[in-house]
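# Architecture at a glance
What follows is each chain in one-letter form.
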Amino acid sequence: MSGIDAFGIALQRGDGVTPTEGFAAIGKVTNLSGPEIERETYDVTAHDSVDGWREFIGGLKDAGEVSVEVNYDPRVHDDLIADFEDTAPRSYKMVFPDQAGGGNWAFKAILKGFSQEAPVDDKLSAELTFKVSGKPVITEGV
């Protein structure tokens, strides 16, 4: 197989209830990208590095951001503004569709951007940007 259909991926938002948190899908998602995990590297090259090759070690890791595009519906999406007002990270899950084996990436994030657009000749849309805080937990699919 050369590719997997992405149709059906879901971004779910946690309700914050403990000890068992519930999750509900954010509706009308048209595009989802991230988290963009990356790691800093530190140059540890010294005068005695073998054959003059630069040497590196791994540093701090960053889960980056998650970007979500939606067919904007104020009745569905305006409750997310509360996440923007909240300074504490909230739980989210990116749930992969069955044709991709299921599984999910769970992470805590802060909503850092919410931008809607209402062109005269197209649909209402919005883009949400989340900054991931800490390590994503990856549950592999089958």
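Located above this text is the structure these notes cover.
The following paragraphs examine the structure supplied in this document. (Residues numbered from 1 in each chain as written. Predicted model: local features only at pLDDT ≥ 70, side-chain atom pairs only at ≥ 80, totals over all residues. Heavy atoms only, no water.)

With that settled, the discussion passes to the sheet that holds strand β3 (residues 29-33). In spatial order, the strands read β2-β1-β7-β8-β9-β6-β3; together these 7 strands make up an open sheet with antiparallel pairing. Edge positions in the sheet fall to β2 (23-25) and β3, since each of these pairs with one other strand and no more. Put simply, the sheet's adjacent strands are angled 35° from each other on average, direction ignored. (Pairing = 2+ DSSP bridges. Helix = DSSP H or I, 4+ residues; strand = E, 2+ residues; numbered from the N terminus. Axes fitted to C-alpha atoms, helices over the stretch in contact; angles between N-to-C directions.)

It is possible for side chains bearing opposite charge to pair when their charged atoms get close. This structure, assessed with the given rule, holds 7 salt bridges. Between Arg13 and Asp79 there is a salt bridge, with the nearest N and O atoms lying 3.8 Å from each other. Here Arg13, found in strand β1 (residues 10-14), pairs with Asp79, found in the loop between α1 (74-77) and α2 (81-85); they are 66 residues apart in sequence, far enough to count as distant. Across the pair Asp83 and Arg13 runs a salt bridge whose closest N-O atoms are separated by 2.8 Å. With a gap of 70 residues between them, Asp83 in helix α2 and Arg13 in strand β1 connect regions that are remote in the sequence. The exposure classification of Asp83 matches that of Arg13, with both residues buried. Via salt bridges that share partners, Arg13, Asp79, Asp83 and Arg90 belong to a single interconnected network. (Salt bridge = Lys/Arg side-chain N within 4 Å of Asp/Glu carboxyl O. Buried < 20%, exposed > 50% of the residue type's maximum accessible area, 1.4 Å probe, protein only.)

The next point concerns the environment of Ile81. Within the secondary structure, Ile81 sits in helix α2. For the pair Ile81 and Phe114, spaced 33 residues apart in the sequence, the C-alpha separation amounts to 7.9 Å.

This paragraph deals with the packing of aromatic side chains. Counted by the stated rule, this structure contains 3 aromatic pairs. A ring pair is formed by Tyr92 and Phe107, whose centres lie 6.1 Å apart and whose planes are at 20°; its orientation type is stacked. Here Tyr92 is found in strand β7 (residues 90-95), whereas its partner Phe107 is found in strand β8 (residues 104-117), with 15 residues between them in sequence. The exposure class of Tyr92 is buried, given its relative accessible area of 1%. A residue is classified by how much of its surface remains accessible, and Phe107, at 4% relative accessible area, is buried. Ring-pair connections join several aromatic residues into one group, and the members of that group are Tyr92, Phe107 and Phe130. One residue, Lys93, lies across the ring of Phe23, its end atom 4.5 Å from the ring centre. (Phe/Tyr/Trp six-rings, centres within 6.5 Å; stacked < 30°, edge-to-face > 60°. Lys NZ or Arg CZ within 6 Å of the ring centre and 35° of its normal.)

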